[in-house]
Amino acid sequence: MNHLEPHIIVIFGASGDLTKRKLIPALYDLYLQNLLPEKFFIVGVGRTELSDVGFREKMAGWLPNDSASADKIESFLQTTSYVSIDTGNADDYHILKDKLNELRAVADMPENYIYYLATPPVLYEKIAQGLTLAGINKDVEDESWKRIIIEKPFGVDYQSAKDLNKKLMCYFKEAQIYRIDHYLGKETVQNILVMRFANGIFEPLWNRNYVHHVEITSSEDLGIGGRGGYYDKAGALRDMVQNHLLQLVGIVAMEPPIHAESKAIRNEMLKVMQSLRPIKEEEVPQFVIRGQYTGATLKGEHLPGYREEEGVTPESRTETYVAMKFFIDNWRWNGVPFYIRTGKRLPTKVTEIVIHFKKSPHHIFAYQHQSINTHNQLVIRVQPDEGLLFKFGMKVPGTGFNVQTANMDFHYSEVQDMKITSAYERLLLDCMQGDSTLYIRGDAVEEAWAFVQPILDAWKNHPDIPVYGYPAGTWGPANADSLIEEPEITWRYPCKNLSNDGEYCEL
Ligand code: BG6
């Protein structure tokens, strides 16, 4: 076992999809690695009537189903129990409190609780209030602690995020609130900090003197699946850009923190969010392109268009794709464009950050200037095939001085014994240790919303701003190319458009 303090994790929304797909598997993996404390319980909370046994049976179906794991699963499940309450009813929280007291009494544990809110956001305030009324929200100095993890979406716009922060702060202190963005839990995202600040060679180049532009892509090949009801109200800007992509921007663009602790790193993250140059409402068509996937046939299979998906209104103008250009107004990044894009039903699932360096100032080799590849590129592959790729020009063997692009390529998968832990495992463990470095602070979340708010306003107030259609399996609307004004520069395509026979290849 390990040094973690004994505690109970209470999962609100215990029957939900997140609990099933991410939380229970992550907790089970931590259990297998002996990373959970000796005295530890999981309490599922939901409205559905279920016994502890019923809940355990349900969870067993979410874990590996092989005989080798049976004993482990059985002992893991012994740490779990279930409480059925109406989370909207403040009186019900005494039932939860009694359950927690009962478990603590058996194991002789302090009142250390993590509350994980894997529920619809409308319940966040109610739950915080219910826990407060039941008297199970406060840290007791030197005796016990309470932490609350809030899932995204954290608000639906600037005002609602501000309101939510304010409401939560009536019940919990900022230091107790853990706003999760699972992108920060990804190993490769954290590695950006190590790469930048543990090596001497990158940081001198990491600025407007040497960087031509920065490009971030987070593409998904899947559509919206069964999440039409949520997604149609959210769209890609709220679902991916406001949180995941802006967090990546923060990590790539931040100044060196004075040390690697929570406050210092989160201060630097805030400064990046504060330095994002606002895109004014009237500038939105020039700087932001939105799109929506339309039906297409790939590998003989018909993929429905967004408007045909379940839970989506047939005339929906919700964006499933966003590409944008913006600037960071500070000393380091002055004048360096940042291009970011994300979308559903693109050719492949990939998240990568590309630092495009400036060309050499004077070209002495005849064929060098003809190729965009003479911009050196550092590609940080966040997922899949996590690693780093550096593209540079080298001489083609033979006569003359022809230059072609070559790769220096690092893949995590090639390093033996290096298992990449899931983002949820890492983040849960951090919260258990009281480390909030990879969680978003309230001020930073508000700044991120302040940046996207004029875009939301423009789309709402000017319905004539186009939503470009793009066939499923392509790289989104061609109009996104117009964001990049220099004719010789294009987005990097990690793979080509899927053709009708579904084939694509690396570029
Ligand atoms: C979630 C979004 O936050 O992130 C989803 O709600 C998206 O729409 C997902 O698919 C992407 O996460 P990952 O880790 O699969 O890139």
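These numbers were taken from a predicted model, which means no experiment stands behind them.

Each value, and the rule that gives it
Residues numbered from 1 in each chain as written. Predicted model: local features only at pLDDT ≥ 70, side-chain atom pairs only at ≥ 80, totals over all residues. Heavy atoms only, no water. Helix = DSSP H or I, 4+ residues; strand = E, 2+ residues; numbered from the N terminus. Polar contact = N/O pair within 3.5 Å; in protein donor to acceptor, adjacent residues only side chain to side chain. Contact = heavy atoms within 4.5 Å. Buried < 20%, exposed > 50% of the residue type's maximum accessible area, 1.4 Å probe, protein only. Lys, Arg positive; Asp, Glu negative; His and termini not counted. Salt bridge = Lys/Arg side-chain N within 4 Å of Asp/Glu carboxyl O. Axes fitted to C-alpha atoms, helices over the stretch in contact; angles between N-to-C directions. Parallel < 35°, antiparallel > 145°, perpendicular 65-115°, else oblique. Nonpolar A, V, L, I, M, F, W, Y, C, P; charged D, E, K, R; others polar. Near = heavy atom within 4 Å. Areas by Shrake-Rupley, 256 points an atom, 1.4 Å probe, with all protein chains shown as cover. Expected span 1.5 Å × (residues − 1). Bend = angle between axes of the 7 residues up to and from the residue.

**Looking at the side chain of Q292**
Note on placement: Q292 falls in strand β8 (residues 288-294). Reaching out from Q292, the side chain makes a polar contact with the backbone oxygen of S316 at a distance of 3.0 Å. A polar contact is formed between the side chain of Q292 and the backbone oxygen of T318, at a distance of 2.9 Å. Beyond its immediate sequence surroundings of up to four residues, Q292 is in contact with Y306, R307, S316, R317, T318, T320, V467, Y468, G469 and Y470.

**Some points on the side chain of D232**
As for its position among the elements, D232 is in helix α8 (residues 228-253). Despite being buried, D232 has no salt bridge partner; K233 is the closest side chain of opposite charge, sitting 7.6 Å away. The contact partners of D232, leaving out residues within four places of it in the chain, are Y306, G311, V312, T313, S316 and T318.

**A closer look at the packing of helix α1 (residues 17-32) against helix α3 (residues 70-77)**
Two elements in contact, α1 and α3, have axes whose closest approach is 11 Å; the angle formed by their N-to-C orientations is 110°. On the basis of the axis angle, α1 is roughly perpendicular to α3. Facing α1, whose interface residues are I24, L27, Y28, Y31 and L32, α3 presents K72, I73, S75 and F76. Looking at side-chain class alone, the contact of α1 with α3 contains seven nonpolar, one polar and one charged residues.

**Side note on the site of the ligand**
Residues in close proximity to the ligand include K152, H182, Y183, K186, E220, R227, D239, M240, H244, K344, K349 and Q383, which together make up its full environment. At 2.6 Å, a side-chain N or O of K186 approaches an oxygen atom of the ligand. A distance of 2.7 Å separates an oxygen atom of the ligand from a polar atom in the side chain of K344. Here the ligand, which alone exposes 400 Å², has 82% of that area covered by the protein. The leading source of residues in the shell around the ligand is α8, at three residues. Of the residues in the shell around the ligand, the class split is two nonpolar, three polar and seven charged.

**Quick notes on α1**
Note: α-helices contain 3.6 residues per turn, so residues at a spacing of three or four share the same orientation. In this model, α1 (16 residues) spans 22 Å end to end at C-alpha, consistent with the 22 Å of a helix rising 1.5 Å per residue. Maximum bend of α1: about 30°, positioned at L23, with proline P25 one to four residues after it. Restricting attention to buried positions, one finds in α1 the residues L18, T19, L23, I24, A26, L27, Y28 and L30. Considering only its buried residues, α1 is in contact with β1 (7-12), β2 (40-46), α2 (52-60), α3, β4 (113-117) and α11 (423-432). Among the residues trailing α1, N34 stands out with phi positive, at a value near 60°.

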